[in-house]
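# A look at the structure
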Amino acid sequence: MSLDVSPQLLAEAESGEVREEDFVATVRTSLPYAYDLVAGLVGELRAGSAPFADNQTPPPSEKERGQLLRALSSDAIKGSLERHFGVAIAFQNCHRVAVFRPEDRGGATYTKFTSLRSQILNQSPEFRDC
């Protein structure tokens, strides 16, 4: 299961719309590695002048890798994190996550990072089974 959904959040969903801040709080507690990784990258992006901030360090265990994959493979989770932090998130492999300023989505650097060529060049044998 991706998220540990509280009875309160489940009731909220059953009765209609879910408040995004409640959903993000659930993501933060259910997938703490993924949430903290994105939060840290956002801090780096805001503190510097680089066009993006990215992670190139593998997760410490398969548990954390699983959290990252679950968070970034879900459109709802990824989209909520983007809105919550005010960034565009790009994901290349088992752990290479990058955050961009939203206005840079579609720009040259973002397009290069998310290109087929960059995906291929960012591969190695250890990523095949991650």
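Residues numbered from 1 in each chain as written. Predicted model: local features only at pLDDT ≥ 70, side-chain atom pairs only at ≥ 80, totals over all residues. Heavy atoms only, no water.

### Remarks on the sheet that holds strand S1 (residues 52-54)
For clarity, the cut-off: Any two strands with at least two DSSP-identified bridges between them are counted as paired. Helix and strand assignments follow DSSP, with helices taken as H or I runs no shorter than four residues and strands as E runs no shorter than two, numbered in order from the N terminus. Lines are fitted to the C-alpha atoms to define the axes, a helix being fitted only along its stretch in contact, and any angle between axes, read from their N-to-C directions, falls within 0 to 180 degrees. Only heavy atoms matter for contacts: two residues are in contact if any of them lie within 4.5 Å across the pair.
Spatially, the 3 strands line up as an open sheet ordered S1-S3-S2, and their pairing is antiparallel. At either end of the open sheet lies a strand with only one pairing partner, and these are S1 and strand S2 (88-91). Each neighbouring strand pair of the sheet contributes to a mean axis angle of 20°, computed without reference to strand direction. Sheet topology places S2 next to strand S3 (residues 97-100); 4 bridges connect them, and they run antiparallel. Residue Phe91 lies in a different strand from S3, and its bridge partner there is Val97. Sheet strands touched by helix H4 (residues 62-73): S2 and S3. Its angle to S2, the strand with the most contacts, is close to 125°.

### Some details on the pattern of salt bridges
For clarity, the cut-off: Every case where a carboxyl oxygen of Asp or Glu lies within 4 Å of a side-chain nitrogen of Lys or Arg is listed as a salt bridge. Here's how the labels work: a residue is buried when its accessible area is under 20% of the maximum for its type, exposed when over 50%, partly exposed in between, all with a 1.4 Å probe on protein chains only.
Taken as a whole, this structure holds 6 salt bridges when the rule is applied. Asp54 is paired through a salt bridge with Arg96; the nearest N and O atoms lie 2.7 Å apart. Pair noted here: Asp54 is in strand S1 and Arg96 is in the loop between S2 and S3, with a separation of 42 residues, a long-range link. Its relative accessible area of 21% is what places Asp54 among the partly exposed residues. Between Arg65 and Glu62 there is a salt bridge whose closest N-O contact spans 3.2 Å. With Arg65 and Glu62 both in helix H4 and 3 residues apart, the pair spans about one turn of that helix. Shared partners join several salt bridges into a network, and the residues in it are Arg19, Glu21 and Asp22.

### Concerning the packing of helix H3 (residues 32-47) against helix H5 (residues 75-85)
For any two helices packed against each other, the geometry comes down to the angle between their axes and how far apart the axes lie. Short version of the rule: Each crossing gets its hand from how the near helix is turned against the far one by less than a right angle, where anticlockwise is left-handed and clockwise is right-handed. Residue polarity is assigned by list, with Asp, Glu, Lys and Arg as charged and Ala, Val, Leu, Ile, Met, Phe, Trp, Tyr, Cys and Pro as nonpolar; anything else, Gly included, falls into the polar class.
Remark: H3 packs on H5, axes separated minimally by 11 Å, with the N-to-C direction vectors making an angle of 35°. The interaxial crossing formed by H3 with H5 has right-handed handedness. Facing H3, whose interface residues are Tyr35, Val38, Ala39, Val42 and Arg46, H5 presents Leu81, His84 and Phe85. When grouped by side-chain class, the residues that make up the contact of H3 with H5 number 6 nonpolar, 1 polar and 1 charged.

### What about the nonpolar core?
Under the convention used in this document: In these notes, a set of buried Ala, Val, Leu, Ile, Met, Phe, Trp, Tyr and Cys residues joined through side-chain atoms within 4.5 Å is what counts as a nonpolar core.
Counting 23 residues, the largest nonpolar core has Ile77, Leu81, Ile89 and Val99 as its most contacted members. Looking at this core, the elements with two or more residues in it are helix H2 (20-30), H3, H4, H5 and S3. Ranked by the residues each element gives to this core, the list is headed by H3, at 7 residues. Here Ile77 is in contact with Leu3, Phe23, Val27, Leu31, Arg70 and Ala71, once residues within four sequence places are set aside. Counting 6 residues, the second largest nonpolar core, distinct from the first, contains Ala90, Phe100, Tyr110 and Phe113.

### Here's the deal with the environment of Arg101
For the record, the criterion: Here a polar contact is recorded for every N or O atom pair within 3.5 Å, except that within protein the pair must consist of a potential hydrogen donor and a potential acceptor, and residues adjacent in sequence are included only if both atoms are side-chain atoms.
If you trace the backbone, Arg101 turns up in the loop between S3 and helix H6 (108-113). Through-space distance from the C-alpha of Arg101 to that of Pro51 is 7.6 Å; in sequence the pair is 50 residues apart. Among all residues touching Arg101, those that are not within four sequence positions of it are Leu45, Gly48, Ser49, Ala50 and Pro51. Within the structure, Arg101 has its side chain in polar contact with the backbone oxygen of Gly48 (distance 3.4 Å).

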